[in-house]
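Overview (structure and organization)
Letter by letter, the chains look like this.
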Amino acid sequence: MSFDHKISEYLRENYRGVGFWNPTKIFSHEIGKQIIRMDLNECPHPPSPRVLEAIQLAAIELNRYPDGTCPQLTPRLAVANDVPEETICFGAGSTQLLTAIAEISVGPGENIVSPEIVWRRFQGVYQVVSADVTSVPNKEDGAIDVKGMIGAIGNNTKLSIILTPNNPTGLMLSENEIKEVCYQTPENVLLFIDEAYHEFALHAGGANALEIVKNRKGPWILTRTFSKAYALAGLRLGYAICSSEETVNALRLTTSTFNVNGIAEAAVMAALDDAEYTKFILDDNEREMNRIKAKCKKLGLHYMDSVTNFISIDVGIPNGEVVKAMRDRGIRISTPGYESNGTFIRVSTGLSDDTTAFLVALEEVLQELAS
Ligand SMILES: Cc1ncc(COP(=O)(O)O)c(C=O)c1O
């Protein structure tokens, strides 16, 4: 079999000649070495022991197709969030739901209003639906410009996207900003709020966007994930709460019936049972984040004041060189992904020893590269 590298006309125009970037790829020089992963906003701790036990029990039924409506988890989430069960659906990670949300609402050439600085996966989502995208510049401190987002909505806009907290900035919106965006986004536009880092925002004293968006007159979808605060990125389970059952069924049509794996529901139920472990994760994250911020201050490095499990730091020199030098030292960090030659790096919190290794290596690398 030979690979055809030509641009293929049998593909839809928006899929022709696309590249592929594998964020989890291990380089050949890394195989067998100890690598510190601080590049993917993962939880550095393993899942709760209760989760591991629940997975083992659930695994016996992996010969069966799972019920993707998660009939035990749904009522639990409905009660916890005070929403009807019919307004909840699930995705193989919230990533799957992001694409599905664009697919159900935006046709080719129709408009999406998006923050300019946003998690890089969103660019792929916009490409999938061949959208016309209005990118609204973020404010000088990196925060989403809520007024700018509302002002950018036009006659052709179908979808407006807000993230609180946002990735890669780690910044959350204030209660008033969430109110503004929820109540002033026109009623004919679907408002999508990505809350992948919801638990971190609450832990930092932030607002609960769901309680605000519930009172919006127009349509909305809010997504969350079990990948971050519940240490279950490898499990792939996220959920959407929607303003109508019709929206839920539209999402189900595009994500398909068996999109959720057969152990996910039991694992997440066990994770929710272990609230103490989740608190430990959030407290530990805050401790490690504060260590990173304190060191940045000491080194005179400006950073975005993240409330999440990752932080964007301005290293003052081309970020690609810093990321490469750190990776050569066995520490994986990333660029924020919205500019090809910027000076910000993005690093996720690690275990205490990881933080120490990162901070020592960063100081060395910056000294080396500056000389
Ligand atoms: C802003 C944001 N939304 C969604 C996700 C997707 O998370 P998952 O697909 O693991 O639920 C991420 C992952 O990093 C993210 O940063």
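These numbers come from a predicted model, not from an experiment. (Residues numbered from 1 in each chain as written. Predicted model: local features only at pLDDT ≥ 70, side-chain atom pairs only at ≥ 80, totals over all residues. Heavy atoms only, no water.)

Concerning the overall build of the chain
Helix and strand counts for the chain stand at 13 helices and eleven strands. In terms of overall dimensions, the chain is globule-like: its C-alpha atoms have a radius of gyration of 21 Å, near the 21 Å expected for 371 residues. With respect to the principal axes defined by its C-alpha atoms, the chain has extents near 60 × 55 × 50 Å. Taking all 371 residues of the chain together, the buried fraction comes to 51%. (Helix = DSSP H or I, 4+ residues; strand = E, 2+ residues; numbered from the N terminus. Rg over C-alpha atoms; globule rule 2.2 N^0.38 Å. Buried < 20%, exposed > 50% of the residue type's maximum accessible area, 1.4 Å probe, protein only.)

Observations concerning helix 9 (residues 245-255)
Those residues of helix 9 that sit buried are Thr247, Val248, Leu251 and Thr255. The buried residues of helix 9 occupy an angular sector of 100 degrees when the element is viewed end-on, so they sit on one face. Seen from the open side of helix 9, the exposed residues pointing more than 90 degrees away from its buried face are Glu246 and Leu253. Looking at the packing, one finds that the buried side of helix 9 touches strand 2 (88-91), helix 3 (94-105), strand 7 (220-225) and strand 8 (238-242). With its phi angle positive at about 80 degrees, Ser256 sits one or two positions after the end of helix 9. (Arc of directions from axis to C-beta. Contact = heavy atoms within 4.5 Å.)

Some words on unusual backbone geometry
A cis amide bond links Thr164 with the next residue in sequence, Pro165, at an omega value of -5 degrees. Relative to the assigned elements, Pro165 resides in the loop between strand 5 (157-163) and helix 6 (175-184). Although it is not a glycine, Cys70 sits at a positive phi angle of roughly 45 degrees. Mapped onto the elements, Cys70 comes out in the loop between helix 1 (49-59) and helix 2 (73-81).

Points about the site of the ligand
As a structural note, the neighbourhood of the ligand is formed by 13 residues, with Ser94, Thr95, Asp194, Thr225 and Ser227 the closest of them. For the ligand, a nitrogen atom lies 2.7 Å from a polar atom in the side chain of Asp194. At 2.8 Å from an oxygen atom of the ligand is found a side-chain nitrogen or oxygen belonging to Lys228. Of the residues belonging to the shell around the ligand, the class tally is four nonpolar, six polar and three charged. (Near = heavy atom within 4 Å. Polar contact = N/O pair within 3.5 Å; in protein donor to acceptor, adjacent residues only side chain to side chain. Nonpolar A, V, L, I, M, F, W, Y, C, P; charged D, E, K, R; others polar.)

Considering the domain arrangement of the chain
Structurally, the chain comprises domain 1 (22-46 + 276-370) and domain 2 (49-273). Using C-alpha coordinates to define each centre, domain 1 is positioned 25 Å away from domain 2. Counting residues at the interface gives 25 residues for domain 1, matched by 23 residues for domain 2. Carbon and sulfur atoms make up 65% of the surface buried where domain 1 meets domain 2, a total of about 2000 Å² over both sides. By the criterion of area lost to domain 2, the three top residues of domain 1 are Leu282, Met304 and Val307, representing 28% of everything that side buries. Where domain 1 packs against domain 2, one counts zero salt bridges. On inspection of domain 1 and its partner domain 2, the count reaches seven residue pairs in polar contact (both at pLDDT 80 or more). Contributing elements (two or more residues each) for the side of domain 1 that touches domain 2: helix 11 (275-299) and strand 9 (310-314). With six residues, helix 11 is the single largest residue contributor to the side of domain 1 that touches domain 2. (Domains from an automatic or database assignment. Buried area = accessible area lost by both parts, 1.4 Å probe. Salt bridge = Lys/Arg side-chain N within 4 Å of Asp/Glu carboxyl O.)

Quick word on the packing of aromatic side chains
Each aromatic ring pair is described using two quantities: the centre-to-centre distance and the angle formed by the ring planes. Considering all chains together, one arrives at ten aromatic pairs under this definition. Here the aromatic cluster, defined as three or more aromatic residues joined through ring pairs, consists of Phe90, Phe226, Tyr230 and Tyr239. Looking at Arg327, its charged tip hangs above the ring of Phe27, at a distance of 3.7 Å from the centre. (Phe/Tyr/Trp six-rings, centres within 6.5 Å; stacked < 30°, edge-to-face > 60°. Lys NZ or Arg CZ within 6 Å of the ring centre and 35° of its normal.)

Notes on the packing of helix 3 against helix 9
At a minimum axis distance of 9 Å, the contact between helix 3 and helix 9 shows a crossing angle of 110 degrees. Put simply, helix 3 runs roughly perpendicular to helix 9. Remark: the crossing between helix 3 and helix 9 carries right-handed chirality. Note on element contacts: helix 9 touches helix 3 through Thr247, Ala250, Leu251, Thr254 and Thr255, opposite Gln96, Leu97, Ala100, Ile101, Glu103 and Ile104. For the contact of helix 3 with helix 9, the class distribution of residues is six nonpolar, four polar and one charged. (Axes fitted to C-alpha atoms, helices over the stretch in contact; angles between N-to-C directions. Parallel < 35°, antiparallel > 145°, perpendicular 65-115°, else oblique. Left-handed = near helix turned anticlockwise from the far one by under 90°.)

A short note on the pairing of strand 7
For strand 7, the buried fraction is high: six of the six residues fall into the buried class. Of the two faces of strand 7, the one holding Trp220, Leu222 and Arg224 and the one holding Ile221, Thr223 and Thr225 are both buried throughout. Looking at chain direction, strand 6 (residues 190-194) and strand 7 are connected through four bridges and run parallel. Among the inter-strand pairings, Leu191 is bridged to a residue of strand 7, identified as Trp220. (Pairing = 2+ DSSP bridges.)

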